[in-house]
Each structure stands twice: as structure tokens, then as C-alpha cells.
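# Structure assessment
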Amino acid sequence: MSFFAPFCLPFMAGAVVMFALLLVKWSTWFCGMPRADKMAVLRGLPTRKTLAAVWEVVSESLLHRRIFRINPVLGYMHASLAFGWFLLIAVGWVETVACLGLRYVPLQGHVFYKYFAATESLPHLAVFDQAMDFLLLVVLSGVALAWGKRFCSRMMGMRRTTKHVPGDRVALSALWFVFPTRLVAESITAALYGGGGFLTGGLGGVMEEYLSPLLLARLFEPVWWVYSLSLGVFFAALPFSRYMHIFTEVPLIFLRRYGVRAGDKESSGDRFRTDACSRCGICIDPCQLQSVLGIDDVQSVYFLRDRRYKMLEMKVANNCLMCGRCEAKCPVGIDLNTLRRNSRDTMRNIPDERRYDYFAGVDRSSGEGRVGYFAGCMTMLTPRTLTAMERIFAAAGEQVWWADRSGGVCCGRPLKLSGETDSARRMMDYNAGLFRKHGIATIVTSCPICLRTFREEYDLPGIEVIHHSEYIMRLIRSGRIKVGRGEEKFTYHDPCELGRGAGIYDEPREVIESLGVLVEPHSTRENSLCCGSSLANTVISDAQQLRIAEGLAAELDATGASTVVTACPLCKKAVSCAASAPVKDLSEVVAERL
Amino acid sequence: MKRRVVIIGGGVAGMQTALRLHAAGIGSVILEKDSATGGKLRDWHKLFPTFTPASEVLDPLRRAVGAAGIEVRTGAEVVGLDGRGAVLADGTRIDGDAVVVATGFTLFDARIKEEYGYGIYDNVLTSADVERMLNEGTLSMKNGDRPRRIAFLHCVGSRDEKVCQRHCSRVCCVTGVKQAMELKERFPEADVFNFYMDIRMFGSGYEEMYREAQVRHNVHFVRGRISEAAPTIDGRIQIKAEDTLTGRPLRMSVDMLILLVGMRANDDNRRLADSASLTLAPSGFVQPADPFLHSVESGAEGIFCVGTVTAPKNVGETLAEAAAAADAVADYLKNR
């Protein structure tokens, strides 16, 4: 029992190339990671995080539960291919052990066991024949669905699918060939040598009935060659194609569980993220640049592809609203926005040492109190919000330290979004120092952009950072302000940075419900649309931004609400240009009813 | 049978068209959505560049319309039209042999540029407020004081992509110069600043006015837009701007901030255009059949357009265009 036949060579070569490349790639990526990240992995290894990661690998890499949640048919397609193939390999392994006992069998012996069992008269067990046929049928159903998806992706809830690069098409074609050729090869083997389960045995029986034994004997070796070639081509193409995700998602899950995430600067560990993208294209449909403006080459799938193949252009990296709608849907859970930001950092971060020297010693803040209020640049441009906050603070009898009412320094996020990470850091350090100096316990901001930045980027020990929606909700709950409730109908727009960005959905709703009736628009909470005025996009024109705002405004107007409420100065400005109902900040509608 | 033209809009464009048609022996009916004719000019104080009181233009027109016995229907809002008449909001149909659209423009709502504080802080006014207050003789600060420093901001709602008004409203530059001179005359002790992107002095006598404002009235012109306005503790308005000629940012406290609001297309242009297959320019103004030989024809049969419904224009241009429109209508009726 040599477990070798010449037709095995393409498969063996492909497998060797694939495993060698995987090993080289993974070890280079891992070694190049920052020391802190590597230490986090080492420290995490002997903890429960490892078990959690193993479970996540089963549930996501094999079962694809997140895709099931997006669309059941799409989920079944991915699961049948991934989990089905995995079981074919695993059960095949058990089959050889069950048939031959515990002994060394080379890789090709497992993969082509049906061939060797027939030609070398090895034992085979009927129960495995049936089980393996069932699994093959499951995988084949997945392949059939994948074909179907080419022609009718809407069936699986996808309006648009990814445009693939030629390398992907080679790998894809090879993958589509693997299982049908396996079916044919095993069926012919069953026709000639007997055996096989309900599928291969059944098809073998039909072949025996209708085809001449001479023809079958002539086809026998070639079909096994084709099967081996398909596998070999697929394996060799895998490290260069989208199918790299099959293996790369596994280390990515472990890294994530150990707390290693994408950061402000590009790292070789990011390769685990870019290469874990399966280019499924689920990120395309949620993208409003696609659905409203018809821009179809900048979405996360294309951004990651371009970055992976080192052909990323600034106009792709910068053409993104960073609204997070795609990130929320990504079945692999890749840090899409962070990766895009650190790409921009690589392309754009040219710190100007002197440009921000004027910060030194500047303090235009006024007032004194345990509560600080940071309006932010955009609230300064929408002063109705500012005056409303003044009235609310006065009504609550709050002593307020005004951080920037007479001018201040930006929170740093716009610069950071544009890639100028180091300059942004100088602004952040300045503001953090200012907050610490004035001894405040709470900083309230009415801008979700500032909020997120304070929470995620600032080192503010002992200072609670809250959004004005949270602050107002607390005032109402504790009875520090009384608001008049009427029958007015409001609708609420979730700002990207506040909702998906900071997870604040319920607080503004609670405030609105204490004022009147809240009606939800069609896309709400995690699915809420972007207003289009995002600071993150430096490519689209004002007119294009307006078209995105018009799409959102149409949904908000369709609720029939008499006032559109939002809680972000940028969203307010954008929507008020497009909506027919008046658009107000949460603080304004509260201040009007004090 | 006597021919009748339906004129939508009773401003200077509509009235002048009706008068010119009357002179040619053609009757017309003016449909005015407000309670009186005169349009925006009713609230205007004086006209550039001659400081002619607006009433000296408007009153003769109104008297002539009355004397000619031209039918005027006020409170008549048009919701649809075709080449043979217009439909009012109450469903009444007004028939005619041709239709002239003279619905004018809408003043840009300065509250949209919230950063300038219009409607939020005291003493932030629009150019239209200034005209009205000059007419009423009430121009002063909210507390009755005389302003010591006044800033005009040009291009509010014009040439501003952010508020989707890309076009130049043309007349605001010279209005800013005119009002600066009027205010300087009323408050000689005040410093008056004009913040501008460009000064576009396109008409006869305008450039001379601009020069006179600087030389005789000592009005200051600063090239740079104001980015935001905020109240100060002593009730003044602090503005932030950049002097783009010196490349330096500046802050200045003023007692009065006057926003020179632009002319934008009426919201119902879309509805009217859809009802009569008229073409709208990207700016939202009605696009004439061509800008040269058919500048008062809409391209749809029997429908003509005149005045600021097609683009920002000054009063003189509008009056001259009305004569051209009446001529084109008469020609159309004769050959039909």
C-alpha cells in the first residue's frame, strides 16, 4: 500500500505550495506585529479566551452564523461549502482510521481513499460510504447555490455582488470543478469496482447501465486526474486569492479574542485582517455611496483588495463616509474603518511641527463647575444647539465650565479621519490637558464626533464623558428639569457616530418620548442611514453629499412627523438642507418645552 | 374675440408685461398670490445706483395698471399651468390665449446659515430687514442704541455649494455697497466693514459707487468670508473671518451684522415646471428656450417667462425684459 498514483501529483504540489506559503505569510505577519500585540497573544493563550476563540472559529469560520442572520440562503451556501467540506475531510479521516486501523496514511491517501480502496482492494464500510455521499451532496448543493448566485444574487438578499479580479476567477473556477469532478470520479470508481453510497453508488449504477465498461475504464484515470488538478490549482491559487480568507479568518479570530485590534498605524498584523476578507460583497449593499451615487469601486471589499495587492489609491481610501454601515454587516468582523484610517495615515500623515504651536498656553474657557461643556466646532456653527444647552443648564441650576464657548481647539477627529494622526494627537493632548486642569468630573458634549474621540482617544482619568442626550435624559429622570409633554409627532435620526459609533440609541429616544410621540423612520438604530456630510469623506462633492442627505430626508419626511430630531450638529445641517419638516437638535426641542 | 394673456405674478415684471401688452391692444389678467401687487419691491427702500426710492418705480406702475383697467386677482396662488391658462390653488381655472410666468424669486433664508446667528442673536439682520427698517425709519440696534461698528457679509446663500446655491445672485454686491453708504449716512460715527469674496460691479454706475463708498464714505472692504458669529458678554457680536489678502485670521466685535441674502429659485418652480413641461436649470430657476434669441420664451408653446423667475436680475433689467416678453407674446398671438 504505497498510497501513490501519478494523478496525485498536482494535488500534492498544490497542497505543498499552499501550506508553505501559509506558514511563511503567517509567521512573517506575526513576527512583524508590535511587541505589545505579540505579548497580548502570549498572555492570552492559557486563558479562557482561547476556548472562546475556538468556539467562534466553529461558529463563524465553519457554520457562518453571522451570514445566516443576514440571509438564510446565503448562510446555507457558505456553511454548506465550508462546514460540508470540513466534514468531508474530517469524516474521511475517520473513515481511513476505521477501515485501516491506526496507522500512517499520507495526505493523498486520505483525500483519494476511494481510489486506493478500489484499486488496492482496501476495506470500505457502508456507513461511511453513505455518510460521505451525504456530505458530498451537501457541498454540491452549496456549489449549485453559488452558481445560482452568479445569475440571481437577489435570491440571497444581495442586490450587488463583488466584481472579482482574474486571480479570483481562476480559483473560483477550480473550486467549482472540485466537487462535481469528485462526484464523477467516485461514481465511475463505484461503477467499475462496486461500493459507493446512495449518491456515487447510485450514479455509478446508472453509468454501469448506460455506458460501456470500456469507456468507463478509459475515463477512470483521467477523471481522477481532473479532480486532483482542480484541487491542486485551487490550493496553489488560494494564498493569492480571496480564498486566503478560509485559513486567515482563524488566526484573526484568535487575535481579536486576545484583544489585538487594528490601530492608528498600519501594522503587519493588519495582513491578518485584509487577507481575512472573503470578498463576499455583503458590504456593498449597505453603502450609500453605491446605492445613492452609484460609486462602485470604493467599498470596503475593494479597499481591502487594493490594499492587499498594494494598489491602493488615495481616491479610493478617502472616498468613504466611515458611517460604519458596512462594518456592522461584515461577517468576518474586520475593523474596516480603522484599517481605512491607518491607510490614510500611511498616505497622508505629514506632521507639521509648528502649525499647532499656537495652542501653547491658550485657554479661552470660562465659568466654573464640576460639569464641563464642550460645544465642538460644529456646534459653534449651529449655535441654536449651544443656546439651547445654555437654557437647559440654567434650568437645571448646573454650574458649568464652558470649555470652548469663546473659541477652542478641535477634538482632533477630522484631522485623524484625514490621516494626519500625529497632528490630531497634538490637539487631543491639548484638550485633555485643558479638561484635567479645570478639575471637572463630567464633560458633556453635543457633538457625537467629539464624544467618540474623548471616549476612545483621550486619557481622562476620573472624568466621565457623556453626550448631551445622556445628560438631558439624566436631568429629566432625576426631575432636575421639567418638560411639557404634548402630542407632537417627532421622528429621530440616529447619527452614525452616536449610534453605531458610541452605541447610544435609547437615551435620545427616551428624551423625545418625554416630549411627545416618537415615530421611527424605515432605517433606524443600527441600520440608520448616513446624512452624507461625514467629515471622513474628502472625495465626493457637496452636491453628492446633498443627494445622500435627500435620501435620508425622504425617509424622515415619510414618517409624517412634524419635527425631525437628531443629536449631531453635522447631521442637523445636512438634513435641514434636504428635509421639508423642520430639523432640530435634541437640545432645542427640550429647551423649547422647559 | 378679445385676446387675453394670463400673467402669473404681480411684481414689476408682471405689471410691466401687462402694461406693454395693453399698449399693444392685448388684454391680460394678473394673478398675484399676495394681497397686493408689487412683489419684493414693496418692502424695498431705495434702488441702486441712483438711490431712487422704490416707490418711484412701483407707484407709477401700479397707477398705470389701474388706469388701464387690467384685471388683477390677488390672493390667487397658481398650482399648475399650460399654454392656455393656469389653475389656482382652489381649483379655479383661468383661461387665456398665452401665459406669462413672472413669479420672481425667493430670498435665501438666512437661518439656514445657522453659524451667522440670524434669528438667534439680536442685531443680526438681513439686507431685506435693513430695507424694511429704513422704510419704517426704525433702523437701530435692538436696544435702540446707535451702532458703532457694522459688518456686512456678502454672498449669504449665493455661490455657496454647502447650501446648494451655486449661482451668483448678482445684485447683492451693489446692494451691500448701497446699504453701507446709507448706513454711513445715518450713523456717520460708525465703522462699516464689508466682508466679500469678490465684488462684482457689473452695471452702469456701480463701480463708481463702489469707489465712492471707499473714498467718500470710508467704508472698509475686507476680502474674506465670515466663518461664524457668536454673542459676546456685553451683547455685541463677535465675528471670525480671514482677511485673505493679508492671509491672517481676524476676530472683530460688531454691533450689527448684516447678511446680504441671495436670490434663489422659488420652491414651487419644480411643481409649475412639471405641470407644463418647462425646463429648470440646475440652480432651480426656469431655463428659457435659449439665452439669446428666445430668452423670454419657455420652450413650451404659449408659455413665456420674464424677470427673476429665470435668473437673478436687477429692477432695470426686469423692466426692460418685460417689454421684450410682451413683444414676444404679441408676436405669438398674431401668428397663431
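If you're wondering where the values come from, they're calculated on a predicted model, not measured in any experiment.

How each quantity is defined
Residues numbered from 1 in each chain as written. Chains lettered and ligands numbered in written order. Predicted model: local features only at pLDDT ≥ 70, side-chain atom pairs only at ≥ 80, totals over all residues. Helix = DSSP H or I, 4+ residues; strand = E, 2+ residues; numbered from the N terminus. Rg over C-alpha atoms; globule rule 2.2 N^0.38 Å. Buried ≥ 20, exposed ≤ 12 C-beta atoms within 10 Å, placed from the backbone. Contact = placed C-beta atoms within 7 Å. Domains from an automatic or database assignment. Nonpolar A, V, L, I, M, F, W, Y, C, P; charged D, E, K, R; others polar. Core = buried A, V, L, I, M, F, W, Y, C linked by C-beta atoms within 7 Å. Expected span 1.5 Å × (residues − 1). Pairing = 2+ DSSP bridges. Axes fitted to C-alpha atoms, helices over the stretch in contact; angles between N-to-C directions. Parallel < 35°, antiparallel > 145°, perpendicular 65-115°, else oblique. Left-handed = near helix turned anticlockwise from the far one by under 90°.

### Remarks on the overall build of chain B
Along its length, chain B carries seven helices and 20 strands. Here the C-alpha radius of gyration of chain B, 21 Å, is about what a compact globule of 336 residues would show, namely 20 Å. Seen through its C-alpha atoms, chain B measures out along the principal axes to roughly 70 × 40 × 35 Å. Buried residues in chain B amount to 46% of all 336 residues. Residue pairs in contact within chain B that sit at least 24 positions apart in sequence constitute 65% of those at least 6 positions apart.

### Description of the overall build of chain A
Counting secondary structure elements, chain A contains 28 helices and eight strands. Each principal axis of the C-alpha distribution contributes one length, and for chain A these read about 95 × 50 × 40 Å. For chain A, the residues scored as buried account for 49% of the 594 residues in total. Across chain A, every contact between residues at least 6 apart in sequence was considered, and the portion connecting residues at least 24 apart equals 76%.

### Considerations on the domain arrangement of chain B
All names here are of chain B. For chain B, the assigned domains are domain 1 (4-105 + 265-335) and domain 2 (110-263). Each of domain 1 and domain 2 was reduced to a C-alpha centroid, and the two centroids are 31 Å apart. Listed by partner, the interface residues are ten residues for domain 1 and 18 residues for domain 2. For the side of domain 1 that touches domain 2, the per-class residue count stands at five nonpolar, four polar and one charged.

### Observations regarding the nonpolar core
Across soluble globular proteins, nonpolar side chains show a tendency to be buried alongside one another. One finds A:Cys531, A:Ala549, A:Val575 and A:Val590 to be the most contacted residues of the largest nonpolar core, which totals 112 residues. In terms of residue count, helix H26 (residues 542-557) of chain A provides more of this core than any other element does, six residues in total. Here A:Ala549 is in contact with A:Cys531, A:Gly532, A:Ser533, A:Ala574, A:Val575, A:Cys577 and A:Ala578, once residues within four sequence places are set aside. In this structure, B:Ala18, B:Val29, B:Ala54 and B:Val296 belong to the second largest nonpolar core, which totals 53 residues.

### As for the interface of chain A and chain B
In this assembly, eleven residues from chain A lie in contact with eleven residues from chain B. Going through the elements one at a time, helix H20 (383-396) and H26 of chain A are the ones with two or more residues in the side of chain A that touches chain B. Each residue belonging to the side of chain A that touches chain B can be placed in one class, and the counts come to six nonpolar, three polar and two charged.

### Topic: unusual backbone geometry
All names here are of chain B. Of note, the bond from Phe48 into Pro49 is cis; its omega dihedral lies within 30 degrees of zero at -5 degrees. Here Pro49 lies in the loop between strand S3 (46-47) and strand S4 (52-53). Even without a glycine there, the phi angle at Cys155 is positive, about 60 degrees. Here Cys155 lies in strand S12 (residues 149-156).

### Things to note about helix H12 (residues 244-257) of chain A
Residue and element names in this part refer to chain A. With 14 residues, H12 should reach 20 Å at 1.5 Å per residue; the first-to-last C-alpha distance of 20 Å fits that figure. Along H12, twelve of the 14 residues are buried, which leaves the element largely enclosed by surrounding structure. Of the positions making up H12, those classed as buried are Met244, His245, Thr248, Glu249, Val250, Pro251, Leu252, Ile253, Phe254, Leu255, Arg256 and Arg257.

### Quick look at the sheet that holds strand S4 (residues 464-467) of chain A
Residues and elements named next belong to chain A. Strand order in the open sheet formed by four strands is S2-S1-S3-S4, with parallel pairing between adjacent strands. Of all strands in the sheet, those with a lone pairing partner are strand S2 (400-402) and S4, marking the two edges. Taking the axes of each pair of neighbouring strands and ignoring which way they run, one obtains an average angle of 30 degrees across the sheet. Where strand S3 (residues 442-445) and S4 come together, four bridges link them in parallel fashion. For Val444, the partnering residue across the bridge sits in S4 and is Ile466. On top of the sheet, helix H24 (residues 468-477) reaches S3 and S4; it is set at about 90 degrees to S4, its chief contact.

### Some points on the pairing of strand S15 (residues 226-231) of chain B
Residues and elements named next belong to chain B. The sheet contact formed by S15 and strand S16 (residues 237-243) spans five bridges and is antiparallel. The residue of S16 that forms the bridge with Ala229 is Ile239. From the end of S15 to the start of S16, which pair antiparallel, there are five residues, and Gly235 there has a positive phi angle of about 80 degrees.

### A word on the packing of helix H3 (residues 127-136) of chain B against helix H4 (residues 171-186) of chain B
All names here are of chain B. Look at H3 against H4: their axes get within 11 Å of each other, and the N-to-C directions meet at 40 degrees. If you check the angle between H3 and H4, you find them oblique. H3 and H4 meet at a crossing whose hand is left-handed. Contact with H3, carried on its side by Ser127, Val130 and Leu134, involves Cys172, Thr175, Gln179 and Glu182 of H4 and no other residues of that element.

### A short note on the environment of B:Gly137
Within the secondary structure, B:Gly137 sits in the loop between H3 and S12. Remark: the alpha-carbon pair of B:Gly137 and B:Ala328, spanning 191 residues in sequence, is separated by 42 Å.

### Observations regarding the domain arrangement of chain A
Domain annotation for chain A reports domain 1 (8-241), domain 2 (261-346), domain 3 (357-474) and domain 4 (484-592). One C-alpha centre belongs to domain 1 of chain A, the other to domain 3 of chain A, and the line joining them spans 55 Å.

### Looking at the sheet that holds strand S8 (residues 93-95) of chain B
Each strand in a sheet pairs with its neighbour through backbone hydrogen bonds, running either in the same direction (parallel) or in the opposite one (antiparallel). Residues and elements named next belong to chain B. With antiparallel pairing, three strands are arranged side by side in an open sheet as S6-S7-S8. What marks the edges here is a single partner per strand, and that holds for strand S6 (78-82) and S8. Mean inter-strand twist for the sheet, computed between neighbouring axes without regard to direction, equals 20 degrees. Inspection of the sheet shows strand S7 (residues 85-88) paired to S8 by three bridges, in the antiparallel sense. For Val87, the partnering residue across the bridge sits in S8 and is Arg93.

### Overview of the environment of A:Gly204
All names here are of chain A. Of note, Gly204 is situated in helix H10 (residues 200-210). Judged by local crowding, Gly204 falls into the buried class, with 24 C-beta atoms found within 10 Å. Residues Gly204 and Gly484, 280 residues apart in the sequence, show an inter-C-alpha distance of 79 Å.

### Examining the packing of helix H5 (residues 72-100) of chain A against helix H8 (residues 126-151) of chain A
All names here are of chain A. Direction vectors running N to C along H5 and H8 enclose 155 degrees, while the axes themselves pass 8 Å from each other. Considered as vectors, H5 and H8 are oriented roughly antiparallel to each other. Relative to H8, the crossing made by H5 is left-handed. Residue-level inspection shows Val73, Met77, Ser80, Leu81, Gly84, Trp85, Leu87, Leu88, Val91, Gly92, Glu95 and Ala98 of H5 in contact with H8, the latter providing Phe128, Ala131, Met132, Leu135, Leu136, Val138, Val139, Ser141, Gly142, Leu145, Ala146 and Lys149.

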